[in-house]
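# Close look at the chain arrangement
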There are 2 protein chains.
Amino acid sequence: MNYPGGLTKNYNKTINYANRGLDLEDLINISNKYYLEIDRAVIYKKPTPIQIVESKYTNKGIEITKAFFSEPSTLDYNGIYKGKYIDFDAKVTKNKTSFPLENLHPHQYKHIERVIRHGGISFLIIRMNDKYYYLDGNDIIDFINNNNTRKSIPFSYIENKGYVIKEKIQPRLDYLEIIDKLYFGGESNGKEEK
Amino acid sequence: MNYPGGLTKNYNKTINYANRGLDLEDLINISNKYYLEIDRAVIYKKPTPIQIVESKYTNKGIEITKAFFSEPSTLDYNGIYKGKYIDFDAKVTKNKTSFPLENLHPHQYKHIERVIRHGGISFLIIRMNDKYYYLDGNDIIDFINNNNTRKSIPFSYIENKGYVIKEKIQPRLDYLEIIDKLYFGGESNGKEEK
């Protein structure tokens, strides 16, 4: 919503025009807003970091006249749910057979490791093959540690280790339901236990 | 560090040139970097939100050609420490007798309430009268609930309820020491118990 100049929000991601015109970021933002409204969780998207090159003072305040997007060193979304620190990112790929790891920068991978080590919950929401998958940070780390020559995560791994996020009217993507199941002993979301 | 165009980082705050040329944001960023390096906590400043008005495609990627700073709806810093969600902001005032509450937007105040309700730790780091004070979110809420006609927090309240943050070589501002004391039964930081 901060990009009225015709920019796509997922400027560095494959764009998804499927889900009723809403891209993954929109769906997550709407879901987070709903979670906030019903007081279930406090989770926000971080602003996109930019590198300001030129600016000037105007009667409307400081105007940025030249700037570029810069690479985030963490993940895009974080907050708190049931007392737990939550930290995740959203990724979209049109690739049907595997998730290219170039989508996950080394510092982001390190960040996932750190968050988990400090007691937080970290994961990716991956849109792939017309579904939204929750892939837990522990499974991402396991995969990379055991397959450090592979440049992508096979879709079979995501199907096997990940969880399909239910699409609902409210919240649009109920990813906290997966976290309930994995971390708070919640009920199954319909998928068989592994 | 994202403002090479001569901008001050605390564009909407009173600027402090005292502490060896470093402003409060610098001191906190350096402290957070140190905490990260010694693997004590994972806490980052969020990027400053901007409203992009115009942009264009160039051979260096998308160039933002017109943008303005927008008001953040949360606090500037968040992350995880000892499994706890941490969420805080840094404020500077040259006022010697009270901290003007116009420095804390209503949505930020609401955010502090929410974070605490969900089990996180929220606070302000206030630079005032040449010291750095930790003022816990609970004490901020208490003050506002009990004094909702006052437009500022008297310095005596900050001195009484707050904690002076020790300035060290590393970390420059050891605010986690206060959190240890308040939330993890840590040792006193030299201040009398209240």
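Scroll up a little and you will see the structure.
Structural notes, computed from the coordinates. (Residues numbered from 1 in each chain as written. Chains lettered and ligands numbered in written order. Predicted model: local features only at pLDDT ≥ 70, side-chain atom pairs only at ≥ 80, totals over all residues. Heavy atoms only, no water.)

## Comments concerning the sheet that holds strand 10 (residues 163–164) of chain B
Residue and element names in this part refer to chain B. As a reminder of what qualifies: Strands are treated as partners if at least two bridges between them are detected by DSSP. Working definition: helices are DSSP H or I runs of at least four residues, strands are E runs of at least two. Numbering for both runs from the N terminus. We call two residues in contact whenever any of their non-hydrogen atoms come within 4.5 Å of each other. Every angle, taken between N-to-C directions, lies between 0 and 180 degrees, and every axis is a line fitted to C-alpha atoms, over only the stretch in contact when it is a helix.
What the six strands build is an open sheet, ordered 1-4-5-7-8-10; its pairing is mixed. Single-partner strands in this sheet number two, and they are strand 1 (42–45) and strand 10. Direction of pairing for strand 5 (residues 84–92) relative to strand 7 (residues 121–128): parallel, over a ladder of seven bridges. By the bridge assignment for strand 7, valine 92 is matched with arginine 127. Where helix 3 (residues 137–146) meets the sheet, its contacts fall on strand 7 and strand 8 (131–136), and the angle it forms with strand 8 comes to roughly 75°.

## Describing the packing of aromatic side chains
All names here are of chain A. Selection criterion: When the centres of two rings from Phe, Tyr and Trp lie within 6.5 Å, Trp using its six-membered ring, the rings pair. Their planes under 30 degrees apart give stacked, over 60 give edge-to-face, and anything left gives tilted. Buried means the residue's accessible area, taken with a 1.4 Å probe over protein chains only, is under 20% of the maximum for its type, while exposed means over 50%, and partly exposed covers the values in between.
Applying the stated criterion to the full structure yields 21 aromatic pairs over all chains. Ring centres 4.9 Å apart and planes at 50° place the aromatic pair phenylalanine 88 and tyrosine 175 in the tilted group. You can see phenylalanine 88 sitting in strand 5 (residues 84–92) and its partner tyrosine 175 sitting in helix 5 (residues 175–183), a full 87 residues away along the chain. On the basis of relative accessibility, which here comes to 0%, the residue phenylalanine 88 falls in the buried class.

## Here we look at the side chain of histidine 118 of chain A
Rules: Polar contact is defined as a pair of N or O atoms within 3.5 Å, subject to the rule that within protein one atom must be able to donate a hydrogen and the other to accept it, and that residues adjacent in sequence are counted only when both atoms are side-chain atoms.
Within the fold, histidine 118 of chain A resides in the loop between helix 2 (106–117) and strand 7 (121–128). The class for histidine 118 of chain A is buried, based on a relative accessible area of 10%. At a separation of 2.9 Å, a polar atom in the side chain of histidine 118 of chain A contacts the side chain of aspartate 39 of chain B. With near-sequence residues (within four places) excluded, histidine 118 of chain A lies in contact with Asp39, Arg40, Ala41, Val42, Ile80, Lys82 and Gly83 of chain B.

## Quick look at helix 5 (residues 175–183) of chain B
Residue and element names in this part refer to chain B. By the criterion of burial, helix 5 is predominantly enclosed, with seven of the nine residues buried. Those residues of helix 5 lying buried are Tyr175, Leu176, Glu177, Ile178, Ile179, Asp180 and Lys181. After helix 5 finishes, the residue glycine 185 shows a positive phi value of roughly 60°.

## Notes on the sheet that holds strand 2 (residues 50–58) of chain B
Taking strand neighbours across the sheet as the criterion, the four strands line up as 2(A)-3(A)-3(B)-2(B) in an open arrangement whose pairing is antiparallel. Where the open sheet ends on each side, the last strands, each with one partner, are strand 2 (50–58) of chain A together with strand 2 of chain B. Taking the axes of each pair of neighbouring strands and ignoring which way they run, one obtains an average angle of 20° across the sheet. Relative to strand 3 (residues 61–69) of chain B, strand 3 (residues 61–69) of chain A runs antiparallel, the two sharing four bridges. Following the sheet pairing, glutamate 63 of chain A is matched in strand 3 of chain B by phenylalanine 68 of chain B.

## A closer look at the packing of helix 2 of chain A against helix 3 (residues 137–146) of chain A
Residue and element names in this part refer to chain A. For clarity, the threshold we go by: Orientation is classified from the angle alone, with under 35 degrees giving roughly parallel, over 145 giving roughly antiparallel, 65 to 115 giving roughly perpendicular, and any other angle giving oblique. Two helices that cross are described as forming a left-handed crossing if the nearer one is turned anticlockwise from the farther one by less than a right angle, and a right-handed crossing if clockwise.
Remark: helix 2 packs on helix 3, axes separated minimally by 10 Å, with the N-to-C direction vectors making an angle of 125°. By the angle between their axes, helix 2 is oblique relative to helix 3. In this structure, helix 2 crosses over helix 3, and the sense of that crossing is left-handed. Facing Tyr109, Ile112, Glu113 and Ile116 of helix 2, the residues of helix 3 in contact are Gly137, Asn138, Ile141, Ile144 and Asn145.

## Examining the relation of the copies chain A and chain B
The cut-off we apply is this: Copies overlap after least-squares fitting; the atoms used are the C-alpha atoms of residues with pLDDT of at least 70 in both.
When chain A is brought onto chain B, the operation consists of a screw motion whose angular component is 180° and whose axial shift is 0.0 Å, with 0.0 Å RMSD remaining. Within this description, the copies of the chain are treated as partners about a two-fold rotation axis.

## Considering the pattern of salt bridges
Heads up, the condition is: Whenever a carboxyl oxygen of Asp or Glu lies within 4 Å of a side-chain nitrogen of Lys or Arg, that contact is scored as a salt bridge.
Counted under the stated rule, the structure contains 16 salt bridges over all chains. Across the pair glutamate 177 of chain A and lysine 168 of chain A runs a salt bridge, and its minimum N-O distance is 3.3 Å. Exposure remark for lysine 168 of chain A: the relative accessible area of 28% places this residue in the partly exposed category. Where arginine 40 of chain B meets aspartate 174 of chain B, a salt bridge forms, and the shortest distance between an N and an O atom there is 3.5 Å. With a gap of 134 residues between them, arginine 40 of chain B in the loop between helix 1 (24–37) and strand 1 and aspartate 174 of chain B in the loop between strand 10 and helix 5 connect regions that are remote in the sequence. Assessed through its relative accessible area of 23%, arginine 40 of chain B is described here as partly exposed. Each of the salt bridges in this network shares a partner with another, and the network as a whole consists of Arg40, Lys82, Lys166, Lys168, Asp174, Glu177 and Asp180 of chain A.

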